[in-house]
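Fold and contact review
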Amino acid sequence: MQPHLNENILLSLGLRRIQRDESPSNACSGIVARFRSLFYRIERGQFLRLIFHWTTMVLVSMALVFNVACRPNANLIVFTSDRDGNSELYSISPTDEDSDLRNITNTRVDEFLPKVSPDGRFVAFLSRQTSFAESENVLEVMRINGNDRLKLSGLSGNHRDIHWSPDSKKIAYLLGHGMDSAIWVVNKDGLGSTKLTTIPVDELGGWSPDGDSIVFAVHGGQAKGIYTRNPEGVNRLHLTSKEDSEPAWSPDGSQIAFISKRDGTLELYVMDKNNVKDQRKLTQNDLNESGVSWSPDGKLLLFVGHGELGSDIFVINPQTYGDNPDEKDDGRLTFNDIDDYWPAWSSNGEKIVFVSNLDQDEEIFVMDADGKNQIRLTNNNFQDTYPSW
């Protein structure tokens, strides 16, 4: 009798159905493990069962091919574009221009500022109805394929600075009314919404790698500086008291990079989490730095340098660059008289996606971590921006 592939058979083999939005590494590693198991069964002499298992593996492998679960370019970039008349979210492969381009929202509502979850399966984003004021928007989440869309916050106001927890289960964000904004945390299913701060917060820097702390910044007044707070709303620590902004945790949680105007221009600094008085200035030039983020291995810092002729993208080694901060072109990745900005690392740290105003409109590019092999992913007369992966 012909074997029938159903859930019980899959479970008996230690398999399961592969979801389209599942991490490619998880799906492929499971297949490799099953093939190893089959050869072990050969050694044990289970020849009759081998035929059935082999047929099952062929069927599952074919399903993987058609669901694009093992392709290297399954790690999609999500970005905002107005090419269809209003701001919507699109996904694209990082390998070639317009490859696998897909509108994943496809509504008449404006959607923007996507943030892909660390596990690559979900996207948090903001939306705005046409009837909303400019300062009003909604926080939503959906699967990276556009399914299971859900509004996370029923609170009115200006939602911004979206940050996923390391385990992809929670989202921290700022919610503002007028000049005052507070940090809120909510589960990705919309439950468990909690307000964390009572002082006005200007920037949310995200979660520590262990998920036990959230870093944020206050720009002015007596409360200015960088803070951390437990995501349950306790243990608020005041780390700096200068005009500091854009705090970002290192991947091992031992350091915090940030931007400061304490010396007149916006420069890049780093400090030790356990010794906040040890604050090293990494840049010293006529550029204003912004958009700082750590490489996944913690060896490099990515940032944008804004000058009179435009904005370019840089990387530096925080362990050595501070020894010669006047070398402003050391680690420069883009060389243009126009603006390049909004850089973001790939999950493996090998690529960087960014926005360029090359043709007087915003387009999405991707390059190697050393600035080589720049590939233009979008090419049109519309605004393609806010890439995330």
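Report on the accompanying structure. This structure is a prediction, so every number in the text was calculated from the model and none was measured. (Residues numbered from 1 in each chain as written. Predicted model: local features only at pLDDT ≥ 70, side-chain atom pairs only at ≥ 80, totals over all residues. Heavy atoms only, no water.)

With antiparallel pairing, four strands are arranged side by side in an open sheet as β23-β24-β25-β26. The strands lining the two open edges of the sheet, one partner per strand, are β23 (340-345) and β26 (375-376). Looking at chain direction, strand β24 (residues 351-356) and strand β25 (residues 363-368) are connected through six bridges and run antiparallel. Note that in β25 the partner of F354 across the bridge is F365. (Pairing = 2+ DSSP bridges. Helix = DSSP H or I, 4+ residues; strand = E, 2+ residues; numbered from the N terminus.)

Here we take up the nonpolar core. Grouped together as the largest cluster of nonpolar side chains are 23 residues, with contacts concentrated most on L302, I313, L333 and I352. Of all elements in the fold, only β1 (77-81), β2 (88-92), β21 (301-307), β22 (310-316), β23, β24 and β25 reach the threshold of two or more residues within this core. Dropping the residues within four chain positions of it, I352 is found in contact with L302, V315, L333, P343, A344, W345, F365, V366, M367, A369 and W389. Ranked by size, the runner-up nonpolar core spans 15 residues in total, among them F112, F122, L126 and I171. (Core = buried A, V, L, I, M, F, W, Y, C linked by side-chain atoms within 4.5 Å. Buried < 20%, exposed > 50% of the residue type's maximum accessible area, 1.4 Å probe, protein only. Contact = heavy atoms within 4.5 Å.)

Below, the discussion takes up the pattern of salt bridges. Within the structure shown, the criterion is met by 11 salt bridges. Residues K351 and D368 are paired through a salt bridge, measuring 2.5 Å at the closest nitrogen-oxygen approach. Residue K351 is found in strand β24, and its partner D368 is found in strand β25; the two are separated by 17 residues along the sequence. The exposure class assigned to K351 is partly exposed, which follows from its relative accessible area of 31%. Judged by its relative accessible area of 15%, D368 is buried. Taken together, the salt bridges that share partners define one network made up of E111, E140 and R149. (Salt bridge = Lys/Arg side-chain N within 4 Å of Asp/Glu carboxyl O.)

As a further point, take the pairing of strand β8 (residues 158-164). Two faces make up the sheet, and in a regular strand the side chains alternate between them. Two strands pair when backbone bridges link them, and β8 and strand β9 (residues 170-177) are joined in this way by five bridges, in the antiparallel orientation. Residue pairing in the sheet places R160 in a bridge with L174 of β9.

A separate point is the sheet that holds β22. Strand order in the open sheet made by the three strands is β20-β21-β22, with antiparallel pairing throughout. Each edge of the sheet is formed by a strand with only one pairing partner; in this case those strands are β20 (288-294) and β22. For this sheet, the mean angle separating the axes of adjacent strands, direction not counted, is 20°. Here seven bridges tie β21 to β22, and the two strands are oriented antiparallel to one another. Pairing of F303 across the sheet is with F314, part of β22. (Axes fitted to C-alpha atoms, helices over the stretch in contact; angles between N-to-C directions.)

What follows deals with the pairing of strand β17 (residues 255-260). Here β17 lies mainly inside the structure; six of its six residues are buried. On β17, burial covers both faces: Q255, A257 and I259 on one face and I256, F258 and S260 on the other are all buried. Alignment of strand β16 (residues 244-249) against β17, held across four bridges, turns out to be antiparallel. The partner of A248 across the bridge, within β17, is A257. Between β16 and the antiparallel strand that follows it, β17, lie five residues; G253 among them carries a positive phi value of about 75°. Here β17 runs beside strand β18 (residues 267-272); their pairing, made up of six bridges, is antiparallel. Among the inter-strand pairings, Q255 is bridged to a residue of β18, identified as D272. Remark: six residues form the turn of the hairpin made by β17 and β18, two consecutive strands paired antiparallel; G264 in that turn has positive phi of roughly 110°.

Turning our attention to unusual backbone geometry. One non-glycine residue, L113, adopts positive backbone phi at about 50°. Positionally, L113 belongs in strand β4 (residues 110-116). For L113, a relative accessible area of 26% puts it in the partly exposed group. Phi angles above zero are rare outside glycine, and E246 is one such case at about 50°. Tracing the backbone shows E246 in strand β16.

This is a description of form; function is not addressed.
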